[in-house]
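One letter stands for each residue in the lines below.
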Amino acid sequence: MLKYTLRVHKFTAQAANLTSEPPAVGDCQDSAVDDAQNPTQVIVYTTTGPAAALRIANRHLTLVHARLAYTNPGAVGRTADDIVYAEARTRAETLTPGQREDESMHTIHSEYDALRMSALFDVMDKHGEIDI
C-alpha cells in the first residue's frame with residue numbers, strides 16, 4: 001500500500017507532481033483533501049499504482065464537490081454529479097432507518113450508484129445508524 005499525494009485544480013486531480021510514499025504507521029488510509037471548500041491536494045491510498053490513485057482521487061473529489069454543493073448551495077457551480085447526489089440524499093432522508101439499511105446492501109454498478117450510496121451513508125451517519 002502506498003500513500004499518493006496529488007495536486008488539485010478546480011476539483012480535478014492533476015497527475016503532474018504526483019508523489020508516493022509508504023503510509024505512516026496508524027494512518028487512517030481514507031481518501032482526504034486538505035480543504036473541503038477549496039482543495040489544493042488530495043491524498044489516496046492504493047496498491048495498484050499511480051493511474052489507480054488518479055482515478056480514486058478524482059472520484060473522491062467528485063464526492064467532496066457534491067457534498068459542498070449540497071450543504072452550501074452557491075459555493076460551487078452545480079454539476080450533473082451534484083444533482084445525482086442531492087436527489088439521492090433527499091430520497092435517503094425520507095426513508096426509515098430500516099429502509100436505509102436495506103438500501104445500503106445494494107451493489108454499486110456505476111459512478112452514479114457510488115454517489116447515491118455515498119449520499120445514503122452520509123444520511124445514515126448523520127442519524128447515527130452506521131455500526132462500524
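By convention here, each chain's residues receive numbers from 1 onward along its written sequence. Where totals are concerned, whole chains, interfaces and linings use all residues; where local detail is concerned, this predicted model gives features only for residues with pLDDT of at least 70, and gives and counts side-chain atom pairs only at 80 or more. Side-chain numbers come from the whole structure's heavy atoms, not from hydrogens or water.

## Section: unusual backbone geometry
Of note in this structure, Asn17 is not a glycine but carries a positive phi near 65°. Numbering of helices and strands starts at the N terminus; helices are DSSP runs of H or I of at least 4 residues and strands are runs of E of at least 2. With respect to the element layout, Asn17 can be found in strand E2 (residues 12-21). Three exposure classes are used, based on accessible area relative to the maximum for each residue type with a 1.4 Å probe and protein chains only: buried under 20%, partly exposed in between, and exposed over 50%. By relative accessible area, Asn17 is classed as exposed at 63%. Positioned with a positive phi, Gln29 is a non-glycine residue whose angle comes to about 65°. Following the sequence through the fold, Gln29 ends up in the loop between E2 and strand E3 (32-33). The exposure class of Gln29 is partly exposed, given its relative accessible area of 35%.

## Focus on the pairing of E2
Pairing between strand E1 (residues 2-9) and E2: 6 bridges, direction antiparallel. When the bridges of E2 are listed, Val8 appears paired with Ala13. Following DSSP output, two strands are said to pair if at least two bridges run between them. The loop that links E1 with its antiparallel partner E2 comprises 2 residues; one of these, Lys10, has a positive phi angle of about 50°.

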